[in-house]
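Inside the fold
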Amino acid sequence: MASELQETLARIVTKSEVLVEKYHVLSAEKERLEKIVAQLQEENENLKKENNQLLTDNEYLTIVRKIVPDSEHLGEAKNMISSIVRDIDKCISQLNE
């Protein structure tokens, strides 16, 4: 009976050591993956900022293209510029609040 208990205890100790080792491996993997997630989130934010900047540049280039080539688009360009000025005024008023 005592030998059976010793064997059972030895198996439990061995299994617990295996579980502890697996825990350490998984913990290290979790830390590695968390670092990757943080890097990807930072890259995602940078790409969003770049995308917004490119959209703004595209809008400005569209305005310039409409203003420069001919006078047919003059009214449309004035409306677009007025819209942008209103947006800027809204931003300034929000910053002042």
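Reference entry: report on the structure contained in this document. (Residues numbered from 1 in each chain as written. Predicted model: local features only at pLDDT ≥ 70, side-chain atom pairs only at ≥ 80, totals over all residues. Heavy atoms only, no water.)

1. Observations concerning the overall build of the chain
The line we're drawing: Secondary structure follows DSSP: runs of H or I at least 4 residues long count as helices, runs of E at least 2 residues long count as strands, and numbering of each begins at the N terminus. Only protein chains enter the accessibility calculation, which uses a 1.4 Å probe; a residue whose area is less than 20% of its type maximum is buried, one above 50% is exposed, and one in between is partly exposed. Per-residue and other accessible areas follow the Shrake-Rupley method at a 1.4 Å probe size, with only the shown protein chains counted as cover for residues.
Helix and strand counts for the chain stand at two helices and zero strands. Split into buried and exposed, the 97 residues of the chain put 4% on the buried side. Taken as a whole, the chain presents about 8900 Å² of accessible surface, with 59% of it coming from carbon and sulfur.

2. Looking at the pattern of salt bridges
Stated precisely, the cut-off is as follows: Salt bridges are defined by distance alone: a side-chain nitrogen of Lys or Arg within 4 Å of a carboxyl oxygen of Asp or Glu.
Tallied over the entire structure, the rule returns three salt bridges. Between Glu29 and Arg32 there is a salt bridge; the shortest N-O distance is 2.7 Å. On the criterion of helical spacing, the pair formed by Glu29 and Arg32 is a turn pair, its members being three residues apart in helix H1 (residues 2-67). Residue Glu29 is classed as partly exposed on the basis of its relative accessible area of 33%.

3. Comments concerning the environment of Thr62
Operational definition: A 3.5 Å cut-off defines polar contacts: any pair of N or O atoms within that distance qualifies, except that in protein one atom must be a possible hydrogen donor and the other a possible acceptor, and neighbouring residues in sequence count only when both atoms are side-chain atoms.
Here Thr62 is to be found in helix H1. Residues Thr62 and Met80, spaced 18 residues apart in sequence, show a C-alpha to C-alpha distance of 9.9 Å. Within the structure, the side chain of Thr62 is placed 2.8 Å from the backbone oxygen of Asn58, a separation counted as a polar contact.

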